[in-house]
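# Architecture and fold: a report
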Amino acid sequence: MTAEHLIRINGNDFSFKPGETILEVARRSSIDIPTLCHLKGATPTGACRICVVEVQGARSLLPSCATPAADNMIVYTESPPVVSARQMILQLLLSSGNHNCAVRGSDGQDWTQFQLNVQRDDGSDELCPVWGDCRLQDLAYRYQVSGEKFAATETPYVMETVNPFIVRDFSRCIQCGRCVQACNEIQVNNAIHFGYRGAGTKIIAAGDRPLKDSDCVFCGECVQACPVGALVEKDARYKVRPWETKKVRTTCSYCGVGCQMYLHVQDNRVVKITGVEDGPPNDGRLCVKGRFGFDFIHSAQRLTTPLIRENGQLREAGWDEALDLVAQKLGEIKKSHGADSIGMLTSARITNEENYIANKFTRAVLKTNNIDHCARL
Ligand code: SF4
Ligand code: SF4
Ligand code: SF4
Ligand code: FES
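Quick summary incoming for the structure in this document. (Residues numbered from 1 in each chain as written. Chains lettered and ligands numbered in written order. Predicted model: local features only at pLDDT ≥ 70, side-chain atom pairs only at ≥ 80, totals over all residues. Heavy atoms only, no water.)

## Considering the side chain of Glu233
As for its position among the elements, Glu233 is in strand 9 (residues 231-233). With residues up to four places along the chain from it excluded, the contact list for Glu233 reads Phe165, Val223, Lys272, Thr274 and Phe292. (Helix = DSSP H or I, 4+ residues; strand = E, 2+ residues; numbered from the N terminus. Contact = heavy atoms within 4.5 Å.)

What follows is the structure in structure tokens.
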């Protein structure tokens, strides 16, 4: 039997497995340490420092997401030096770029009035599209800081809106690197990277070209990973407030992988789709079809009833009539030309169960082995 490894966090002892970080032990034990750059499943970068903790005996605060737990380590996650460091980091982030949701003082009527104004004026491009759904804003509120302490710095890069799916607003980017890791380490698309240096640092694609001219496949993983309003779904921008939507979990119907997704539903319409994190088979990942290809759901061109072609024209029919006609035609073909004159093509767009039924129908009812599947092409 191996000896138990123990770490003390905020006065309580917790066991850990060698290799686990302080953050992992804390999260497993329901101790909330804030993070911005940390992305589960990717290499810790320690870029934002918001997760710093006080470790007794250490010369400086340490990033909990990148520091392995060690035997007899004594950690404080919300001590005065930790809170003060987080406040400073947040103030610097809020004063860098266009974080107009948190530029005012955080107390008194001014703050309340500002929030009311934001709600009233929602729809203006001046206001952040992720107001109320932003990790940085949440932390500014939690640690009661605004962006006024330091002189504001402007972003030299203009917003990119030239693709159909994603708006890139560099003025809201906090350069946490989550999108880069999501693209390179999680999806392994290698489409975006850090570019330039210092104050000019920017997330770039293909030597600083628009995403549409790069290797980007528009999977949208970067959008899901972005903790602020720098990457936003174009169709949902300024149309969706998270508290006005209902999240409905479902399985993507585009292929047989069975990715788990949330439909964000507002007024009985799907307005956005995100991947379900922390679960198989996709762990939050989606492809371009699963994430962005949902406008067909409410398309007026959708077929809602079977159609029968008569004299070159399609007319609406009931299911019984349509199925009877198919059965009659298949029976006639089989009788006059034999069962092997009929073939069945199935699809990865239907479920395993439906493919199984198609197989049974073809072999047992039609009595032919002429069945194939698009996955073999
Ligand atoms: S990105 Fe977040 S912090 Fe910045 S303006 Fe938008 S809501 Fe506020
Ligand atoms: S949409 Fe996908 S491929 Fe394109 S940059 Fe984002 S993560 Fe990379
Ligand atoms: S675009 Fe978003 S995820 Fe990427 S570095 Fe900027 S803030 Fe982080
Ligand atoms: S979350 Fe740990 S350094 Fe950013």
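## What to know about the site of ligand 2
By nearness alone, every residue bordering ligand 2 is listed as Ile166, Cys183, Asn189, Ala191, Ile192, Cys216, Val217, Phe218, Cys219, Gly220, Glu221 and Cys222. Within the shell around ligand 2, the residues separate by chemical class into nine nonpolar, two polar and one charged. (Near = heavy atom within 4 Å. Nonpolar A, V, L, I, M, F, W, Y, C, P; charged D, E, K, R; others polar.)

## Let's talk about the pattern of salt bridges
Inspection of the entire model under this criterion finds 14 salt bridges. With a shortest N-O distance of 2.8 Å, Lys40 and Asp278 are connected by a salt bridge. Here Lys40, found in the loop between helix 1 (22-28) and strand 3 (52-55), pairs with Asp278, found in the loop between strand 12 (269-275) and helix 7 (288-292); they are 238 residues apart in sequence, far enough to count as distant. Of the two residues, Lys40 and Asp278, both sit in the exposed class. In this structure, Glu221 engages Arg291 in a salt bridge whose closest nitrogen and oxygen atoms are separated by 3.5 Å. Here the residue Glu221 occupies a position in helix 6 (residues 221-225), and Arg291 occupies one in helix 7, the gap between them amounting to 70 residues. (Salt bridge = Lys/Arg side-chain N within 4 Å of Asp/Glu carboxyl O. Buried < 20%, exposed > 50% of the residue type's maximum accessible area, 1.4 Å probe, protein only.)

## Points about the site of ligand 3
Taken together, 13 residues are adjacent to ligand 3, and Cys173, Cys176, Gly177, Cys179 and Cys226 come closest. When grouped by side-chain class, the residues that make up the shell around ligand 3 number 10 nonpolar, two polar and one charged.

## Comments concerning unusual backbone geometry
Note that the residue after Pro280, namely Pro281, is joined by a cis bond; omega there is 0 degrees. Along the chain, Pro281 falls in the loop between strand 12 and helix 7. Look at Tyr196: it is not a glycine, yet its phi comes out positive at around 60 degrees. Among the structural elements, Tyr196 can be located in the loop between strand 7 (192-195) and strand 8 (202-205). The backbone of Asn268 sits at a positive phi, close to 65 degrees, despite the residue not being glycine. Structurally, the position occupied by Asn268 is in the loop between strand 11 (260-266) and strand 12. With relative accessibility at 71%, the residue Asn268 sits in the exposed group.

## Some words on the environment of Phe218
Along the polypeptide, Phe218 turns up in the loop between strand 8 and helix 6. Look at Phe218 and you get buried, because its relative accessible area is 10%. When the C-alpha positions of Phe218 and Pro68 are compared, they lie 35 Å apart, and in sequence the two are 150 residues distant. Ignoring anything within four residues of it in the chain, the contact list for Phe218 reads Asn163, Phe165, Ile166, Leu211, Lys212, Val288 and Phe292.

## A look at the nonpolar core
Among the nonpolar cores identified, the biggest contains 38 residues, and Leu36, Leu136, Ile166 and Ile192 are the most heavily contacted of them. Of all the elements in the fold, those that place two or more residues in this core are helix 2 (80-95), helix 4 (135-142), helix 5 (178-186), strand 8, helix 6 and strand 9. Excluding residues that lie within four positions of it along the chain, Leu136 makes contacts with Leu36, Leu90, Leu93, Leu94, His99, Ile174, Pro227 and Val228. Counting 17 residues, the second-largest nonpolar core is a separate cluster that includes Phe16, Ile31, Val55 and Cys65. (Core = buried A, V, L, I, M, F, W, Y, C linked by side-chain atoms within 4.5 Å.)

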